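So the chains spell out like this:
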Amino acid sequence: MIMSQIQTKRPATAPNPPVFELIEVEQEFSVPKPGRGLFNRDTVGLKALDGVRLSIAQGASLALVGESGSGKSTLLRVLLGLDAPSGGRALYRGRPIREARARGTGFARDVAMVYQDARGSLDPRMTVGQLIAEPLRHFNIVKKGEEAARVAQLIDRVGLPTDAASRYPSGLSGGQVRRVAIARALASEPSVLVADEAVSGLDVSTQAQLLTLLRSLQRDMGLTLVFITHDLGVASYLCEEIAIMYLGRIVETGPTDAVLDAPAHPYSAALRAAAPRFFEPIPEPLPGEIPSPLDLPKGCRFSSRCPAAQEDCRLRDPQLGQQGAGRAVACLHPLTSTGAQASENR
Amino acid sequence: MKDMASNPILSLRDLSVHRGTAKILDRVNLSLAEGETLALVGESGAGKSTIATALMRLLDGAKVEGSAEMEGAGDLLALSERQMVKLRGRRLSMIFQDAGSALNPSYTVGRQLITVLRRNLGLSKAEARTRAVELFTSVGINDPEGRMSAYPHQLSGGMQQRVMVAIALACNPDLLLADEPTSALDVTIQAQIVRLILAQTKSRGASCIFVLHDLALASQSCDRIVVLYAGQVVESGPARDILEYHRHPYTKQLKSCVLEIGTKEVTAPEGTVPPHSEMPVGCRFATRCPRALPRCAGEAPPLQPARAGADGPLDHQFACWNPE
Ligand SMILES: Nc1ncnc2c1ncn2[C@@H]1O[C@H](COP(=O)(O)OP(=O)(O)OP(=O)(O)O)[C@@H](O)[C@H]1O
Ligand SMILES: Nc1ncnc2c1ncn2[C@@H]1O[C@H](COP(=O)(O)OP(=O)(O)O)[C@@H](O)[C@H]1O
Ligand code: SF4
Ligand code: SF4
Ligand SMILES: [Mg+2]
Ligand SMILES: [Mg+2]
């Protein structure tokens, strides 16, 4: 469940706060003013996140989808407590994330991360066995004598060959390197796994192997999964929930199947249409380019490219608001289930 | 489709590439008709980029055998480097997967395009500039005049790839090789770039070889598909035959890994491609094939027509002892 509006659906016996909750989160970076001279120090604020609302319940699997530059990685850094948001509140189990992170190793142990550049995140001078043992030791997961057995167990769980422990990352394929990164992430016995483009750039066979692995891990261990991807097929296979971002804002969230079957936001509809489908003609792409976050269109940030834009779209900036069962959309004229424009204005 | 078998623009015969003791490509045969778009698909390491790079004669440190007859140019694999220099960019050109690193970071993109136009077409500076702006416009670059003076790092990945397309098509080549031109890009940009490449090659009557990972995208963009496994062609033919009436177990496996929106079950294949030192002498897929027979590992299956009588180089063919 994503939206705070629908948290009433949680069973009454589980009064726990969501694992993550973002309330009107804003992340502003100060960047050089475009076109400034060489000796000019003028800066302007770039809002990489703007009014982000998101709630991730225990055991949920959420796909975070959006074009490059839409703010997915920035959002992840906030979730991981690596950056404090410049505005709004970012909570982990009801407490500010930065506070939770600063207090002891509990947060770091509970929330594990698989990075986009798996190879770059692994020390090339360490063997696979040493790489996996590192978090075991850091978090004191097992006694010294049981370490080798646990490493072997993890190697087996992620489907690496038994002899992998003594090999170096340079001798592994792209898919194997990602498995090492997953094994390391699992070593601390986390309840939340956060992954940034963990299967992109892999060929379809390796991707299918990793996705079935991730899904079985999620189901067997009850992991909460936050998965960044720009592949809607991957999102639909792996994640029950989806959040679609455009220019720093979540523009639509809800159950993945419902959203992809009948997108309510015109941008979600465009993303869906652009996904490759067997023997369908490649559809007309969205007009224009994604605007610079320094020069957002007036009103709705999608209005410069939106095929459904109307006059008021250039005047009012729609916020994420409820739209049917468990869904939310940030659009003044959301599409109905038939793909048509809703008649009544919201 | 008209009968294009009569005038293939490219015929690759028994192309083998060796690196040390490894046979990275093993007797690859493929033909390309004029105006046709062909997809090379297969797992990482299958040899897709090696084929494209070998055709451009840009493979370093490898032993290359076989022939690649290009209509009106002769055997690309036998030409001298001087002859190849004249062909590259003019009759055949290549778009690389990572536009960011294929462009020179220290020159503006306008200057890079102008250089190509002046060198290959002998245009004056002013003519080349006008032509460059036209090309930028035709590949959908907004504000083409302004973008001429941008350095590659100032452009998004999608814009860089548009610049690459403009450079590759600057001299109206007859054959365009596009090695995963969109796998680093978002789906929306991917759709734009693939449409752009198809529109630009079709309007020029050029042929195109796409290296792709995505079978659904291949079905949307290509007339024919060649499936490679561990350096060998295992199946080839018209896109619909390959995707809906495939005979090779590996093609079936590849297709079953495709995640369309709404796919809830996939059967992930077992294992990985064997290293070259342990490659079976017979069918290279034998170590992973669910249909393998005792003879498979020892005896290499030849390519055979899928339908009796339809045995041209562009028809549906597969190499398997125990087909689907
Ligand atoms: N410079 C090189 N030196 C040694 N081996 C190489 C080199 N380039 C490629 N190879 C090997 O040649 C084989 C084919 O590689 P190639 O790059 O053509 O594969 P590909 O099908 O393009 O894969 P991908 O989908 O990963 O791009 C692989 O086994 C690869 O390891
Ligand atoms: N440290 C930073 N300083 C300035 N701008 C940044 C920084 N990190 C991200 N941005 C900008 O914020 C926006 C969102 O970036 P990012 O979160 O990386 O997007 P995504 O992961 O969706 O591709 C982009 O415009 C990017 O250039
Ligand atoms: S608010 Fe208007 S411009 Fe924005 S997405 Fe909705 S219809 Fe399009
Ligand atoms: S020849 Fe044998 S091993 Fe090879 S694909 Fe056919 S059945 Fe499988
Ligand atoms: Mg990112
Ligand atoms: Mg390649």
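The shown structure was predicted, so the numbers you read here are calculated from the model rather than taken from an experiment.

A. Geometry of the site of ligand 4. Around ligand 4 lies a shell of 13 residues, among which Cys 283, Cys 289, Cys 296, Cys 320 and Trp 321 of chain B are the nearest. Partitioned by chemical class, the residues of the shell around ligand 4 number ten nonpolar, two polar and one charged.

B. Geometry of empty space enclosed by the protein. Tallied over the entire structure, the rule returns six cavities of 30 Å³ or more. Roughly 590 Å³ of volume is contained in the largest cavity. As for the largest cavity, its lining consists of 35 residues, of which Gln 207 and Asp 231 of chain A together with Gln 190, His 213 and Asp 214 of chain B are closest to the centre. Put simply, the parts of the chain that give the lining of the largest cavity at least two residues each are helix H7 (204-221) and helix H8 (232-238) of chain A together with helix H8 (187-204) and helix H9 (215-221) of chain B. Partitioning the lining of the largest cavity into residue classes produces 18 nonpolar, ten polar and seven charged.

C. Up close: the pairing of strand E2 (residues 22-33) of chain B. Residue and element names in this part refer to chain B. Taking burial as the measure, the twelve residues of E2 include nine buried ones, the bulk of the element. Relative to E2, strand E1 (residues 8-19) runs antiparallel, the two sharing eight bridges. Each bridged residue has a counterpart across the sheet, and for Arg 19 the counterpart in E2 is Ala 22. In this structure, the hairpin formed by E1 and E2 is closed by a connection of two residues, where Gly 20 is found at a positive phi of approximately 60 degrees.

D. How the structure looks around the packing of aromatic side chains. All names here are of chain A. As enumerated under the stated definition, the model contains nine aromatic pairs over all chains in all. On the numbers, 4.7 Å between centres and 85 degrees between planes, the contact of Tyr 92 with Phe 107 is edge-to-face. Taken together, the residues Tyr 92 in strand E4 (residues 87-92) and Phe 107 in helix H3 (residues 106-110) connect sequence positions 15 residues apart. Judged by relative accessible area, Phe 107 falls into the buried class, the value being 3%. Each ring, one from Tyr 246 and one from Tyr 267, has its centre 4.6 Å from the other, and the planes form 50 degrees; the classification is tilted. Of this pair, Tyr 246 sits in strand E9 (residues 241-246) while Tyr 267 sits in helix H10 (residues 266-274), and the two are 21 residues apart along the sequence.

E. Representation of the confidence of the model for chain B in the model. Residue and element names in this part refer to chain B. The predicted model of chain B has a mean per-residue pLDDT of 90, with 98% of residues at 70 or higher. Predicted confidence is poor over residues 1-5, with pLDDT under 50, and the contacts of this stretch with residues over four places away or in other chains come to six contacts. The ipTM for the predicted assembly is 0.86, set against a pTM of 0.85.

F. Representation of the sheet that holds E2 of chain B in the model. Residues and elements named next belong to chain B. In space, the four strands of this open sheet follow the order E2-E1-E4-E5, with antiparallel pairing throughout. Unpaired on one side and paired on the other, E2 and strand E5 (74-75) mark the two borders of the sheet. Pairing between E1 and strand E4 (residues 63-70): seven bridges, direction antiparallel. What sits directly across from Ser 11, in E4, is Glu 69.

G. Inspection of the site of ligand 3 at higher detail. Taken together, His 265, Pro 266, Cys 300, Phe 302, Ser 303, Cys 306, Ala 308, Ala 309, Cys 313, Pro 318, Cys 331 and Leu 332 of chain A are the residues near ligand 3. Of the residues belonging to the shell around ligand 3, the class tally is ten nonpolar, two polar and no charged.

H. Structural view of unusual backbone geometry. Residue and element names in this part refer to chain B. One non-glycine residue, Asp 14, adopts positive backbone phi at about 50 degrees. Structurally, the position occupied by Asp 14 is in strand E1. The phi dihedral of Arg 27 falls on the positive side, at around 45 degrees, and the residue is not glycine. Looking at where Arg 27 falls in the secondary structure, it is placed in strand E2. The class of Arg 27 is partly exposed, set by a relative accessible area of 47%.

I. Representation of the nonpolar core. Counting residues in hydrophobic clusters, the biggest one holds 136 residues, and the most contacted among them are Ile 182, Phe 227 and Ile 242 of chain A together with Leu 113, Phe 210 and Ile 225 of chain B. Setting aside chain neighbours within four positions, we find Ile 182 of chain A in contact with Val 114, Val 158, Leu 210, Leu 213, Leu 214 and Leu 217 of chain A. In terms of nonpolar packing, the next biggest core, distinct from the first, is built from 35 residues, Leu 12, Leu 30, Met 70 and Met 94 of chain B among them.

J. Focus on the environment of Ser 156 of chain B. Looking at the secondary structure, you find Ser 156 of chain B in the loop between helix H6 (144-147) and helix H7 (157-169). In sequence terms Ser 156 of chain B and Thr 267 of chain B are 111 residues apart; their C-alpha atoms lie 36 Å from each other.

K. Focus on the pairing of strand E7 (residues 192-196) of chain A. All names here are of chain A. Of all five residues that make up E7, five are buried, and the element is covered over most of its length. Burial along E7 is two-sided: the face carrying Val 192, Val 194 and Asp 196 and the face carrying Leu 193 and Ala 195 are both buried. Relative to E7, strand E6 (residues 111-114) is paired through four bridges, and the arrangement is parallel. Considered in E7, the bridge of Met 113 is made with Val 194. Across five bridges, the pairing between E7 and strand E8 (residues 224-228) is parallel. Looking across to E8, one finds that Val 194 is bridged to Val 226. For the handedness criterion, the β-α-β arrangement of E7, H7 and E8 is classed as right-handed.

L. Focus on the layout of surface pockets. All names here are of chain B. Here the second largest pocket defines a volume of roughly 630 Å³. Around the second largest pocket, the lining comprises 20 residues; the ones closest to its centre are Phe 96, Ala 102, Val 116, Arg 119 and Ile 167. Those elements that place two or more of their residues in the lining of the second largest pocket are strand E6 (92-95), helix H4 (109-121) and H7. If you tally residues by element for the lining of the second largest pocket, the top one is H4, at five residues. For the lining of the second largest pocket, a count of residues per class yields eleven nonpolar, six polar and three charged.

M. Inspection of the interface of chain A and chain B at higher detail. Opposite the 38 residues of chain A that make contact, chain B presents 46 residues. Here chain A and chain B share an interface that buries about 3,700 Å² over both sides, 61% of which is from carbon and sulfur atoms. Counting the surface chain A buries against chain B, the share from its top three residues, Phe 278, Phe 279 and Ile 282 of chain A, is 23%. The tally of links between chain A and chain B comes to three salt bridges. Among the salt bridges present, the one from Glu 284 of chain A reaches Arg 195 of chain B, with a minimum N-O distance of 3.2 Å. On inspection of chain A and its partner chain B, the count reaches 15 residue pairs in polar contact (both at pLDDT 80 or more). Secondary-structure elements contributing two or more residues to the side of chain A that touches chain B are H7, H8, helix H9 (256-261) and H10 of chain A. For the side of chain A that touches chain B, the residue count by class is 18 nonpolar, ten polar and ten charged.

N. Structural detail: a positive patch on the surface. Together, Arg 82, Lys 86, Arg 90 and Arg 119 of chain B make up a positively charged patch on the protein surface. Relative to the helices and strands, Arg 82 of chain B is located in helix H2 (residues 81-87).

Calculation rules
- Residues numbered from 1 in each chain as written.
- Chains lettered and ligands numbered in written order.
- Predicted model: local features only at pLDDT ≥ 70, side-chain atom pairs only at ≥ 80, totals over all residues.
- Heavy atoms only, no water.
- Near = heavy atom within 4 Å.
- Nonpolar A, V, L, I, M, F, W, Y, C, P; charged D, E, K, R; others polar.
- 1 Å grid on protein atoms, 1.4 Å probe; cavity = no way out; pocket = protein on both sides within 12 Å on 5 of 7 lines; lining within 4 Å.
- Points joined across faces, edges and corners; volume = space filled by probe spheres on them.
- Helix = DSSP H or I, 4+ residues; strand = E, 2+ residues; numbered from the N terminus.
- Buried < 20%, exposed > 50% of the residue type's maximum accessible area, 1.4 Å probe, protein only.
- Pairing = 2+ DSSP bridges.
- Phe/Tyr/Trp six-rings, centres within 6.5 Å; stacked < 30°, edge-to-face > 60°.
- pLDDT = per-residue confidence, 0-100.
- Contact = heavy atoms within 4.5 Å.
- Core = buried A, V, L, I, M, F, W, Y, C linked by side-chain atoms within 4.5 Å.
- Right-handed = clockwise from strand over helix to strand, strands pointing away.
- Buried area = accessible area lost by both parts, 1.4 Å probe.
- Salt bridge = Lys/Arg side-chain N within 4 Å of Asp/Glu carboxyl O.
- Polar contact = N/O pair within 3.5 Å; in protein donor to acceptor, adjacent residues only side chain to side chain.
- Patch = residues over 30% accessible without salt bridge, like charges linked within 9 Å, V, L, I, M, F, W, Y side chains within 5 Å.
- Areas by Shrake-Rupley, 256 points an atom, 1.4 Å probe, with all protein chains shown as cover.
- Lys, Arg positive; Asp, Glu negative; His and termini not counted.
- Charge placed at Lys NZ, Arg CZ, Asp CG, Glu CD.

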